[in-house]
Amino acid sequence: MEKIEFIPRIVENKDWITIMFIVTIGLVVITKAAFENRFSDFIGLLVNNKYMKVYKDTSNLMSWFTILLFVVQLVSFSFFILLVLSYFGYTTKTNWVSFIQIFTFLSFFVLSKFLIEKIIAASFNIESFIEQFNLFKVSYRTYVGLLLLPVNIVLFYTNLMNSYVILGVLVILLIVNAVTYLVSLRNYQNLFLSKLFYFILYICALEIAPYYFMYYAITNR
C-alpha cells in the first residue's frame, strides 16, 4: 500500500496589497476632488513652474493637500522598496510585516529629518530658505511618488521587476533632487551666498550623511 504524504500548500495573502492600492488611489481621488485647481497645477509640475509660483508660500507645506499626497508618497516608496528587497531575495512582495517595517522606518526617517532641519535652520537663522527648500523637495518627491504608484501596481501583478527598473527609479530620484537644488539656489542665491558656510554644513549634515549612513547600514547588514 502506497504511503500518501500530504504537503501543505502555502498560499500568500495578497488581499492587503489590493486594499492598500485601493485606499491609496482613493486618497489621490479625494485630493483631486477637494483641491481640483491645485491638483491640476500640480500635475503640470514637471513641464512648467506655475505650481511653485502660485503655491510658494511655506504655509502650503502643512496643508491637507500636501499631507494627503505625502501619505501617497510614503506608500509608493515603501512598496517599491519592498519590491526591490523581494527581487534580491530578502523578503517576499506579499510580506505585510516587511511593508509595515519599511513604511514605519521611512516615515520616522523623513519626519525626524524634517524636525532636525527645523532646529538647525532656527539655529543658523536660515528658516526662510529651509522652509522653501523643503516645500520644493516635498512637491517634487510627491510628484515622483504619485508616478510611482501605477508603476508599483504593474510591477506587483506582473514579473517585469528587474535591475533596469530599479536603476531607472534611482536615476529619476537623483534628477529630481538635482532639479530641486538648482531651482532653490536660483531663487535664493543672495541668501545662499550670504550664509554659504551654514548652507554647506546643512547639505553635508542633513542631505548627504543620513543617506550615506542608511546605505552603509543596509549594505553591511
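Residues numbered from 1 in each chain as written. Predicted model: local features only at pLDDT ≥ 70, side-chain atom pairs only at ≥ 80, totals over all residues. Heavy atoms only, no water.

(A) Molecular detail of the overall build of the protein. Tallying secondary structure elements over the protein gives nine helices and zero strands in all. Secondary structure elements of the protein occur, N-terminal to C-terminal, as α-α-α-α-α-α-α-α-α. For the protein, with 221 residues in total, the buried portion stands at 38%. A separation of at least 24 residues holds for 79% of the contacts in the protein among residues at least 6 apart in sequence. If you sum the accessible surface of the protein, you get close to 13,900 Å²; carbon and sulfur atoms cover 69% of it. (Helix = DSSP H or I, 4+ residues; strand = E, 2+ residues; numbered from the N terminus. Buried < 20%, exposed > 50% of the residue type's maximum accessible area, 1.4 Å probe, protein only. Contact = heavy atoms within 4.5 Å. Areas by Shrake-Rupley, 256 points an atom, 1.4 Å probe, with all protein chains shown as cover.)

(B) Spotlight on a nonpolar patch on the surface. Together, Leu-167, Val-171, Ile-175 and Val-179 line one region of the surface with nonpolar side chains, adding up to about 320 Å² of accessible area. As for its placement among the helices and strands, Ile-175 is situated in helix α7 (residues 163-187). Judged by its relative accessible area of 49%, Ile-175 falls in the partly exposed class. (Patch = residues over 30% accessible without salt bridge, like charges linked within 9 Å, V, L, I, M, F, W, Y side chains within 5 Å. Salt bridge = Lys/Arg side-chain N within 4 Å of Asp/Glu carboxyl O.)

(C) Examining the packing of helix α2 (residues 36-43) against helix α4 (residues 64-87) more closely. Close contact between α2 and α4 brings their axes to 11 Å; oriented N to C, the two are set at 55°. Judged on the interaxial angle alone, α4 and α2 are oblique. The way α2 lies across α4 gives a crossing that is right-handed. Of α4, the residues touching α2 (which contributes Arg-38, Phe-39 and Phe-42) are Phe-65, Thr-66 and Leu-69. Across the contact of α2 with α4, the residue classes break down as four nonpolar, one polar and one charged. (Axes fitted to C-alpha atoms, helices over the stretch in contact; angles between N-to-C directions. Parallel < 35°, antiparallel > 145°, perpendicular 65-115°, else oblique. Left-handed = near helix turned anticlockwise from the far one by under 90°. Nonpolar A, V, L, I, M, F, W, Y, C, P; charged D, E, K, R; others polar.)

(D) How the structure looks around the packing of aromatic side chains. Inspection of the entire model under this criterion finds 16 aromatic pairs. Taking the centre distance of 5.7 Å and the plane angle of 80° together, the rings of Phe-35 and Phe-65 count as edge-to-face. With Phe-35 in the loop between α1 (15-34) and α2 and Phe-65 in helix α4, this pair connects stretches of sequence that are 30 residues apart. Ring pairs connect the aromatic residues Trp-16, Phe-21, Phe-79, Phe-99, Phe-103, Phe-156 and Tyr-157, which therefore count as one cluster. Over the aromatic face of Tyr-55 sits the side chain of Arg-38, whose NZ or CZ is 4.7 Å from the ring centroid. (Phe/Tyr/Trp six-rings, centres within 6.5 Å; stacked < 30°, edge-to-face > 60°. Lys NZ or Arg CZ within 6 Å of the ring centre and 35° of its normal.)

(E) Expanded view of the confidence of the model for the protein. Across the protein, pLDDT averages 80, with 78% of residues at or above 70. The least confident element of the protein is helix α8 (residues 189-194), whose mean pLDDT is 66; the most confident is α1, at 93. Throughout residues 6-11 the model reports pLDDT below 50, and contacts reaching past four residues in sequence, or to other chains, amount to zero contacts. (pLDDT = per-residue confidence, 0-100.)

(F) Just the packing of α4 against helix α6 (residues 127-157), in detail. It is the contact of α4 with α6, at a shortest axis distance of 8 Å, that shows an interaxial angle of 45°. When the interaxial angle is binned, α4 and α6 end up oblique. For the crossing formed where α4 meets α6, the hand is left-handed. Note on element contacts: α6 touches α4 through Val-138, Arg-141, Thr-142, Val-144, Gly-145, Leu-146, Leu-148, Leu-149, Asn-152, Leu-155 and Phe-156, opposite Thr-66, Leu-69, Phe-70, Val-72, Gln-73, Ser-76, Phe-77, Phe-79, Phe-80 and Leu-83.

(G) Up close: helix α5 (residues 96-124). Taking 1.5 Å as the rise per residue, α5 with 29 residues should run 42 Å; its terminal C-alpha atoms sit 42 Å apart, in good agreement. Regarding α5, the residues found buried are Ser-98, Phe-99, Ile-102, Leu-106, Ser-107, Phe-109, Lys-113, Glu-117, Ala-121 and Phe-124. Structurally, the start of α5 carries an N-cap: the backbone nitrogen of Val-97 is 3.1 Å from a side-chain oxygen of Asn-95. Among the residues trailing α5, Asn-125 stands out with phi positive, at a value near 60°. (Expected span 1.5 Å × (residues − 1). Polar contact = N/O pair within 3.5 Å; in protein donor to acceptor, adjacent residues only side chain to side chain.)

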